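Below, each chain spelled out in residue letters.
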Amino acid sequence: MSDGRLPAEEDFLGDRYFMQAALAEARVAYQKDEVPVGAVITWEGKIIAKAHNQVETLKDPTAHAEMIAITQATNALSSKWLYECTMYVTLEPCSMCAGALVLSRLKRLVFGARDPKAGGCCSVFNITNSGQLNHRIQCQDGLLGENCARLLTDFFAEKRKKADS
């Protein structure tokens, strides 16, 4: 949908619809030879931000999909707070991104694949629900997790194959 609104009611798949949009962004990253992570942020039933990793493109270690989407969403809302927003992201946010999500006061986070090496929401750290911080985020993991993980696995397998050639 070009205006970011939800599809017709008979096509509505709720969270799955928005995670598919995040996966589409991850595929864009893959095509650009970026780690294939995509994110979208919704507010009032529509997508207000969508982004993919751009670390290599921008030569910026902070250019993660989540960080770019946060900036887009706060600009769209003309607010530094994302109180009523949900982020859908294909990979569990790292500690940097999880911290930024807490600071933005995001209401809800839905992610696909866990990141056992750098996850900031449940796998390594639990920044999004730390009792020591002043905000907690409702988190759901595993949505389309196999699809999200497969995209990452394929990307890194291809990278290793090219390196061995």
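Note that the structure is a prediction, hence the values are computed from the model and not measured.

Reading guide: rules and limits
- Residues numbered from 1 in each chain as written.
- Predicted model: local features only at pLDDT ≥ 70, side-chain atom pairs only at ≥ 80, totals over all residues.
- Heavy atoms only, no water.
- Helix = DSSP H or I, 4+ residues; strand = E, 2+ residues; numbered from the N terminus.
- Buried < 20%, exposed > 50% of the residue type's maximum accessible area, 1.4 Å probe, protein only.
- Contact = heavy atoms within 4.5 Å.
- Axes fitted to C-alpha atoms, helices over the stretch in contact; angles between N-to-C directions.
- Parallel < 35°, antiparallel > 145°, perpendicular 65-115°, else oblique.
- Nonpolar A, V, L, I, M, F, W, Y, C, P; charged D, E, K, R; others polar.

**A look at the environment of N129**
Turning to step 1, where the next piece is worked out: Mapped onto the elements, N129 comes out in the loop between β4 (108-113) and β5 (138-141).
Turning to step 2, where the next piece is worked out: For N129, a relative accessible area of 33% gives the class partly exposed.
Turning to step 3, where the next piece is worked out: For the pair formed by N129 and C139, sequence separation is ten residues and the distance between their alpha carbons is 8.4 Å.
Turning to step 4, where the next piece is worked out: Residues within four places of N129 in sequence aside, it is in contact with R136, I137 and C139.

**Observations regarding the packing of helix α1 (residues 15-31) against helix α5 (residues 145-164)**
Turning to step 1, where the next piece is worked out: Relative to each other, α1 and α5 sit at 5°, their axes nearing to 11 Å. Taken together, the axes of α1 and α5 lie roughly parallel to each other. Facing α1, whose interface residues are M19, L23, A26, R27 and Y30, α5 presents N147, C148, L151, D154, F155 and E158.
Turning to step 2, where the next piece is worked out: Split by residue class, the contact of α1 with α5 holds seven nonpolar, one polar and three charged.

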